[in-house]
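# A look at the structure
Listed below, chain by chain, are the residues.
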Amino acid sequence: MTGSIRERLDEAIREAARALGVDGDLPDLELGRAKSSERGEYASSAGMKLARVLRQPPQQIAGRLAETIAVPDGAAAVEAVGGYVNFRLTPQWLQKLVMHVAATGPRYGAMDIGNGERLQVEFASVNPTGPMHIGHGRGAILGDSICRLLEFTGHQVQREYYVNSDNTQTRRFGASVYARLHGQEPPEGGYVGEYVTQLGEMARHDLPGVEQLPEAEAEPKLRMFAMEKVIDQTKATVARLNIRYDEWFWENTVWETGLAQGAIERLRESGYLKERDGALWFGPALQELEGEPVQKELAEEEDRVVIRSNGQPTYFASDLGYLLSRFEVRGFNRVIEVWAADHHGYVPRMKSAAAALGIDPAKLVVILHQMVNLKEGAAGSASIKMSKRAGRFVMLDELIDRVGSDPVRYFYLLRSPDTTIEFDLELAVTQSNENPVYYAQYAHARLVNVEATALEKHSRLPEQADVSLLVEPWELDVARQLAFWPEVVEDAVRLLEPHRIPYYVQDLATAVHRFYHAGNERSEHRVVVDDVDLTRARLELCRAARHTLKTALDLMGVSAPDRM
RNA sequence: GCCCCGCUAGCUCAGUUGGAUAGAGCAUCUGCCUUCUAAGCAGAGGGUCGGGGGUUCGAGUCCCUCGCGGGGCACCA
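Criteria and thresholds
- Residues numbered from 1 in each chain as written.
- Chains lettered and ligands numbered in written order.
- Predicted model: local features only at pLDDT ≥ 70, side-chain atom pairs only at ≥ 80, totals over all residues.
- Heavy atoms only, no water.
- Salt bridge = Lys/Arg side-chain N within 4 Å of Asp/Glu carboxyl O.
- Helix = DSSP H or I, 4+ residues; strand = E, 2+ residues; numbered from the N terminus.
- Core = buried A, V, L, I, M, F, W, Y, C linked by side-chain atoms within 4.5 Å.
- Buried < 20%, exposed > 50% of the residue type's maximum accessible area, 1.4 Å probe, protein only.
- Pairing = 2+ DSSP bridges.
- Axes fitted to C-alpha atoms, helices over the stretch in contact; angles between N-to-C directions.
- Near = heavy atom within 4 Å.
- Polar contact = N/O pair within 3.5 Å; in protein donor to acceptor, adjacent residues only side chain to side chain.
- Nonpolar A, V, L, I, M, F, W, Y, C, P; charged D, E, K, R; others polar.
- Parallel < 35°, antiparallel > 145°, perpendicular 65-115°, else oblique.
- Left-handed = near helix turned anticlockwise from the far one by under 90°.
- Contact = heavy atoms within 4.5 Å.
- Phe/Tyr/Trp six-rings, centres within 6.5 Å; stacked < 30°, edge-to-face > 60°.
- Lys NZ or Arg CZ within 6 Å of the ring centre and 35° of its normal.
- Domains from an automatic or database assignment.
- Buried area = accessible area lost by both parts, 1.4 Å probe.

Under the definition given, this model contains 39 salt bridges. With a shortest N-O distance of 3.0 Å, R204 and E201 are connected by a salt bridge. Of this pair, R204 and E201 both sit in helix α7 (residues 194-206), three residues apart, which is roughly one turn of that helix. Each of the salt bridges in this network shares a partner with another, and the network as a whole consists of D144, R148, E151, R159, R244, D246 and R409.

Next up, the structure:
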C-alpha cells in the first residue's frame, strides 16, 4: 500500500476509460475529494470530461465507467450520478488500512517521490546585522518544514544558511558598532538598535585594544566580531524553534576560493558582461545582439552592476560564485530558495545569471512568502513594516519567550505563503491559549493515555487485532482520515506548501476527539472495555491514529506530547 | 508608471490543475464532566467568494477591467 488511494482510484478510472474506447491522450478526469461526504470520499467528473471524445451523454459515460471500473482491493464502492463517478471507501478496506497504518507506524505516508535527489534548501538567510525578528521566523519555519517534507519523501536534503558577510549593510553595521563603542551616534543609514551598543560593549571586552585603533582598522574587526555574535545568536534562536541547519555558508568564502572571480571570468568570456560608467555590468540582453536567442523571461531583465565603479563587488557578484558553489562544486541537482516577497524582483536576475553560467534556471526554485508586518497604533489599524536598521521590530526570541515554540510554528505554518501576516504581539500572546496546536497535541496525548490504560487493564491482549470489529461510524471516520494522509503529503511536497499539513492535522484530531468522546457518551464505546478482542481492535486504531498524528506534527516541527 | 501577492462568515484564514447545496478555527448563543484526560463533544446563527464584464455544459478557481491593501522596481540586500 504505497502511494495514495486517490492515485490508485485515478489509475483505475483511467483504465476504465481506455476500456470504453478512449484512445490517445486521456483528458484529466479530475478525480479528487468529493465536496460532500454524502456522495462518498472521491468523485470524478469523467462523464463530462469524456462526453466530447466519446460523443455520448455524460450520464451514460459515467454509468458505463462505473460498471467497467475495477477498483483495487475492493477499496471503494462506485456509483454513477449524473456525469459524475463517485467513490465510497468500503468499511472492509478502511479496516485493513488501520492495520497497515499501525504496522507502518511513523513511516506511514512516506513515499519515494524524490528518488534520492540531492537538493539544497537555503532559507532564512538574513543579513548578519541583527537578531532575527518575527518576519524572519516565517521564512525559517517555512523553509525548515519544506526540508522535513522533502526528507520524508525520498529527497536528500542539505539545509543551508547563507551568511551575507561582505556588503554595504554589514559595513554600515560595523561602522555602527564602531560609533557606539566610542559613545557616538551611528552614521547615516547605520543601525540604531540597542543591541548595537551591547555589541560595542562586548567588543570592548573581547577585543582588547580595538578602541585605540583608527576606524579603518577597527571597523573590519568589529564587523567580523559583531557578525559572529549575531550568527551565534541566530543559531540559538533557530534551535529553539527546532530548526536544524547543515551548513552556515559564509559569503566571503566564494571570494577566498576564487569561485566568484571564476564566475565573472566565465561570464566575461561568454559576452554577458560589459563596462559602463566605470562599473562592470551583467546583461543577458547582450547575448541577443550576438544572435543567440534569450529566454523571454530572462530577456526582460535589466542590466545589473557586478563590480561597482569604486572596485567593490556587489552582492550579485558573490551570488554568481555562490551559484557555482552549489551547482558545480557541491553538485546539487536542485536548489530551493525561500525568500521573503520583498526579494521577488531578484528572482529573474538570479535565473538569468544561472542561465548565463550554463545552469538550467529551472533547477533554481524560488519559494516566495509574503511579509510579516507589525500592527500598531491605538486603533490597532496601522500596519508597519519592520526595519532592523531603524530598530523597529519584534524579536523572534521575544515571541518564543512569550508564546512558546510549538504555537509559533503552528501559527506560521497555518498560513499559506501567499498571505501577508499582520502581526500583533499582544494579541498573539493572549490568543496563544486558543492556538489550534493544543487541540492536535491533546488528541495525541489522549491516545497515548488510552493506550496505556488498555495495557494496564488487560495484561493479555490478542497479538493480532480483529479489525472487522471496527464498525462504529466514528471509528471508520478516523480510518477515513488516515486514508487521506498520503495524498496530503503528496500535495504538500509537490507544491512545496507545508500549510496543508496543519489543516489535515486539524481534521484528523477532530476525528480522534469524536472517537474518544463516544466512550464518554456510552461506556461500551470506550477503547478499554471488558471484551479483549474489541479492546485490541480499538487499540489498533489508536496506534494508527497516534502514529499519523505524530508524523504530521513532526513534519511541522511541532512536538507531540504524551500527556498534557 | 511597470511587476508580484492578497481581497471568501463578525475576526483570522483553507479551498491541487474549473465540477454537483462554499469550509475550518476563533468569537457569539444553547446543551454535555461520579466515567479511558472537558486544552474535549454535540447543536445554532452567520456569505451578492472586493465591483463589473467575458470564456462554457459548469467559475471562489481561467481571461479582461476597475477599486482597496501589502511588497518590489539601487553602483542596498
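The rest of the description comes next.
The subject of this paragraph is the nonpolar core. In terms of nonpolar packing, the biggest core is built from 141 residues, with L65, F87, F173 and W485 touching the most fellow members. Counting 35 residues, the second largest nonpolar core, distinct from the first, contains V254, L273, F332 and Y346.

Walk down a regular strand and you will see the side chains alternate between the two sheet faces. Direction of pairing for strand β3 (residues 76-81) relative to strand β4 (residues 84-89): antiparallel, over a ladder of six bridges. Its bridge partner being in β4, A77 is matched across the sheet by R88. Linking β3 to β4, which pair antiparallel, is a turn of two residues; within it G82 sits at a positive phi near 60°.

Read across the sheet, five strands follow the order β7-β6-β5-β11-β12 without closing on themselves; strand pairing throughout is parallel. Taken across any chain shown, the strands that pair with only one partner, and hence form the sheet edges, are β7 (247-250) and β12 (364-369). Recorded for the sheet is a direction-independent mean angle of 30° between the axes of neighbouring strands. As paired strands, strand β5 (residues 117-123) and strand β6 (residues 155-163) are joined by six bridges and run parallel to one another. Within β6, the position partnered with L119 by the bridge is V157.

In this section: the protein's contact with RNA strand B. Taken together, 69 residues lie near RNA strand B, and R308, Y315, K385, N449 and R514 sit nearest. Take the atoms of RNA strand B that sit within 4 Å of the protein: sugar and phosphate atoms are 64% of them. Within the backbone of S309, an N or O atom sits 2.9 Å from a base oxygen of RNA strand B. Contact distances for RNA strand B include 2.8 Å between a base nitrogen and a side-chain N or O atom of Y315. Elements represented by at least two residues in the surface near RNA strand B include exactly α2 (46-54), β4, α6 (168-181), β9 (279-282), α18 (436-457) and α20 (500-521). Residue classes in the surface near RNA strand B are distributed as 20 nonpolar, 26 polar and 23 charged.

Once that is clear, we can look at the packing of α20 against helix α21 (residues 532-556). At a minimum axis distance of 10 Å, the contact between α20 and α21 shows a crossing angle of 155°. Taken together, the axes of α20 and α21 are roughly antiparallel relative to one another. In the crossing of α20 with α21, the sense of the turn from one axis to the other is left-handed. Each of I501, P502, Y504, V505, L508, A509, V512 and F515 in α20 lies in contact with α21, whose residues at this interface are R538, L541, C542, A545, T548, L549, A552, L553 and M556. Here the contact of α20 with α21 is built from residues that sort into 15 nonpolar, one polar and one charged.

The next point concerns unusual backbone geometry. In most cases, non-glycine residues show a negative phi, while peptide bonds are predominantly trans. Its identity as a non-glycine residue notwithstanding, N115 has a phi of 55°, on the positive side. For N115, a relative accessible area of 65% puts it in the exposed group. One non-glycine residue, N242, lies in positive phi territory at about 70°. On the secondary structure map, N242 appears in the loop between α8 (215-240) and β7. By relative accessible area, N242 is classed as partly exposed at 40%.

Here we come to the packing of aromatic side chains. If you walk through the whole model with that rule in mind, you get 18 aromatic pairs. Among the aromatic residues, those joined into a ring-pair cluster are Y272, F282, Y315, F316, W339 and Y346. When the ring centre of F484 is taken as origin, the NZ or CZ atom of R33, which lies over that ring, is 3.5 Å away. Over the ring of Y322 we find R326; its NZ or CZ atom is 3.7 Å from the centre of that ring.

This paragraph deals with the domain arrangement of chain A. As a measure of interface size, the accessible area lost when the parts come together is often cited. Here the domain parsing of chain A yields domain 1 (5-89), domain 2 (118-252), domain 3 (380-392 + 399-428) and domain 4 (432-556). Computed over C-alpha atoms only, the centres of domain 3 and domain 4 are separated by 31 Å. Contacts between domain 3 and domain 4 engage twelve residues on the former and 15 residues on the latter. Carbon and sulfur atoms make up 62% of the surface buried where domain 3 meets domain 4, a total of about 1100 Å² over both sides. Seen at the junction of domain 3 and domain 4, the total is zero salt bridges. Where domain 3 touches domain 4, the interface holds six residue pairs in polar contact (both at pLDDT 80 or more). The element that contributes the greatest number of residues to the side of domain 3 that touches domain 4 is helix α16 (residues 405-413), accounting for six residues. Residues that form the side of domain 3 that touches domain 4 fall into these classes: eight nonpolar, one polar and three charged.

With that out of the way, let us pick up the side chain of N86. Mapped onto the elements of the fold, N86 is located in strand β4. The exposure class assigned to N86 is buried, which follows from its relative accessible area of 4%. Once residues lying within four places of it in the same chain are set aside, the contact partners of N86 are R39, Y42, A43, A77, V78, E79 and V81.

Turning to the environment of N435, a few remarks are in order. Its place among the elements puts N435 in the loop between α17 (425-431) and α18. On the basis of relative accessibility, which here comes to 10%, the residue N435 falls in the buried class. Considered as a pair, N435 and L496 are 61 residues apart in the sequence and their alpha carbons are 24 Å apart. Aside from chain neighbours lying at most four places away, what touches N435 is P407, Y410 and F411. Within the structure, N435 has its side chain in polar contact with the backbone nitrogen of V437 (distance 2.9 Å).

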